[in-house]
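Summary of structural features
Spelled out from the first residue to the last, the chains are:
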Amino acid sequence: MSFREHDPNQSTFAWMNYRAILKNDHPACVINDIVDYVGTDEIEATYNKVGNPAYHPRMMVKILIYGDYQGYYGGRPLYNNFKTDLGLRYLTADKFPDHRTINEFRIKFKNEFADIFTKVVIICVNLGLVAFENLAIDSQKIKANANLFQNKNIKGIGREMEKIKAQIIQIQEQEANTTVIPQQLQRKHATLEHRDRKIQDALKILKEAGGEASNDIRYNLTDPESKVMTDKTGAKHPDYLCHNAVDDKCQVITGIKVTNIPTDAGQLMPLKEESKKNTGRPHKNTEADCGYSTAGEYRRMAADTETQYYVPDRTMRCSKNDPYSKWNFIYSREDDAFFCSQARPLYLKRIGKDQFGEEYFVYESEDCSGCPVRDLCLKKMKVKEGDGGEESPPSNCQNRTITIYSEDELKRAMREKLDSEEGKKIYQRRMSTVELVHGDMQLNRGFTQFHLRGLDKVTVEYVLLVIAHNIRKIILHGFHAFQQFIHGGQSTPVPS
């Protein structure tokens, strides 16, 4: 049998049109069209016309978004994949920048990338990928580029300073005993001095934050702006908390916020407003988990008539079938008293304010002696005051007390709304919306850790990831509409 000639080492001359090979539905082509459409005028205006010509900002934006789409997170992975990825060769026209140039560009234009994210969201709205029915809000912890063991308090900083000083003295003795100082020794000396200055700065910050009075106040020498957070498995890492507002039709992310605060407290309204600002209008329903239900939040939700909120309080599920929970005590307006499961009345004892300045009313039973469930019932008083739970009683308390906040009526109304058939259907949409996005980012796209350090830099990194996510939704759910939008003359101008 004869075979066709095969020589992989043979040189060939080929004329190539990258776009013709890739086709219009390739991610590189879609990203190219979107960036050309939204433009980079704000970035271009910052360049000086004098000097060596720079790489075009549009090209730089395109390859950064494409890198996050493909999982090339950072300048070096992009540079390493340039020769083998036809999409990168198309976007750069075979003129690829150095990895340092890419990284510097990404860090420099934080606000401009946020503006591009908003414009991509508006494109998704114009393509019909955002239904404005249900907005799901949740957060995910992403590991910081930091070492947990570099998280030190005042005592740890002191030990590190002594260790470095001893090493510097040792090197100085070596330098004194030689006429020609080796370059390796010089570099080590410079590194230690830099480390010493860094630790001196950390010590100053810790003292200003009250670190001398508490060993719990710590500073991470690798990434000072990261915070140690506990994940679902109980493991602790230096992390950042990334909040997402996601529309439930195609899982388009309409609002984001990256923080170094370990809790969701106080982020519900800012995320809802961010989504409204980016899309131009509010959603009909907004769902979030109990982490967003902080003190005063239910009054703010009740005052906001733009959307219907579906946010459970922290004790909703565990107290539902608990006869000793205050939520199952029956209130008599006529007697101004609560009746427990044993039909014993609790009358108003005193009025006070908690650590957040929230007014509360303490109701106490007149006599719990002889009650068959007294011991079980009194255990419910050990929840911390100010957490929306019961009053923490004095050690000699013999009768059951409950703490009622003015916000509790709003919580009770929210519970009834969530327990209704319609409420259950709406709230269930949250898990199949925002949780899907988190799983896709971390498991499918492999984004489990930031590569940059500092809150501003990781925010840029996350914005690029979210832009790539939304472009993926355009390709999956609206490519034909996108073609008409970009090339068919039916596009709606994107506001600058």
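Notes on the structure in this doc start here. Bear in mind that the values here come from a model prediction, so they are computed numbers and not experimental data. Residues take numbers from 1 onward in each chain, read along the sequence in its written order. In keeping with the model being predicted, local features are shown solely for residues with a pLDDT of at least 70 and side-chain atom pairs are shown and tallied solely at 80 or more, while totals for entire chains, interfaces and linings include all residues. Excluding hydrogens and water, the side-chain values take into account all heavy atoms of the structure.

1. Considering the overall build of the protein chain
- Each helix is a run of DSSP H or I of at least 4 residues and each strand a run of E of at least 2, with the numbering of both proceeding from the N terminus. Across its full length, the protein chain carries 19 helices and 13 strands.
- For this measure, only C-alpha atoms enter the radius of gyration; the expected value for a globule follows 2.2 Å times N^0.38, where N is the number of residues. The C-alpha atoms of the protein chain give a radius of gyration of 30 Å, which is well past the 23 Å a tight globule of 496 residues would have.
- When the backbone C-alpha atoms are referred to their principal axes, the protein chain occupies close to 95 × 75 × 60 Å.
- Think of it in three bands: with a 1.4 Å probe and only protein chains considered, a residue is buried below 20% of the maximum accessible area for its type, exposed above 50%, and partly exposed in between. Classification of the 496 residues of the protein chain by burial places 48% in the buried group.
- It only takes one pair of heavy atoms within 4.5 Å for two residues to be counted as in contact. Residue pairs at least 24 apart in sequence account for 67% of intrachain contacts in the protein chain once pairs closer than 6 positions are excluded.
- Carbon together with sulfur atoms contributes 49% to the accessible area of the protein chain, which is approximately 26,600 Å² in total.
- Here the protein chain contributes 70 positive and 68 negative side-chain charges, whose respective centroids are spaced 4 Å apart. Here the Shrake-Rupley method, with its probe set to 1.4 Å, supplies the accessible areas, and only the displayed protein chains count as covering residues. All tallies of charge rest on Lys and Arg as positive and Asp and Glu as negative; His and the ends of each chain are not included. A charged residue contributes its charge at one atom only: NZ of Lys, CZ of Arg, CG of Asp or CD of Glu.

2. As for the sheet that holds strand β10 (residues 337-339)
- The strand order β9-β10-β11-β12-β13 describes an open sheet built from five strands, whose pairing is antiparallel. A single partner strand is all that each edge strand has here, and the edge strands are β9 (330-332) and β13 (401-405). Taken pair by pair, the neighbouring strands of this sheet meet at an average axis angle of 35°, ignoring direction.
- Inspection of the sheet shows β9 paired to β10 by three bridges, in the antiparallel sense. Each residue of the ladder has a partner; that of S332, found in β10, is A337. For two strands to be treated as a pair, DSSP must find no fewer than two bridges joining them. Note on method: axes are straight lines fitted to C-alpha atoms, helices fitted across the in-contact stretch only, with angles between N-to-C directions ranging 0 to 180 degrees.

3. Section: helix α19 (residues 479-487)
- When we look at burial in α19, the residues that qualify are F479, F482, Q483, F485 and I486. All buried residues of α19 project into a common sector of 165° when viewed along the axis, lining one side.
- Each element contacted by the buried residues of α19 is listed here: α2 (27-38), α8 (110-126) and α18 (455-477). Here the arc refers to the set of directions running from the helix axis out to each C-beta atom.

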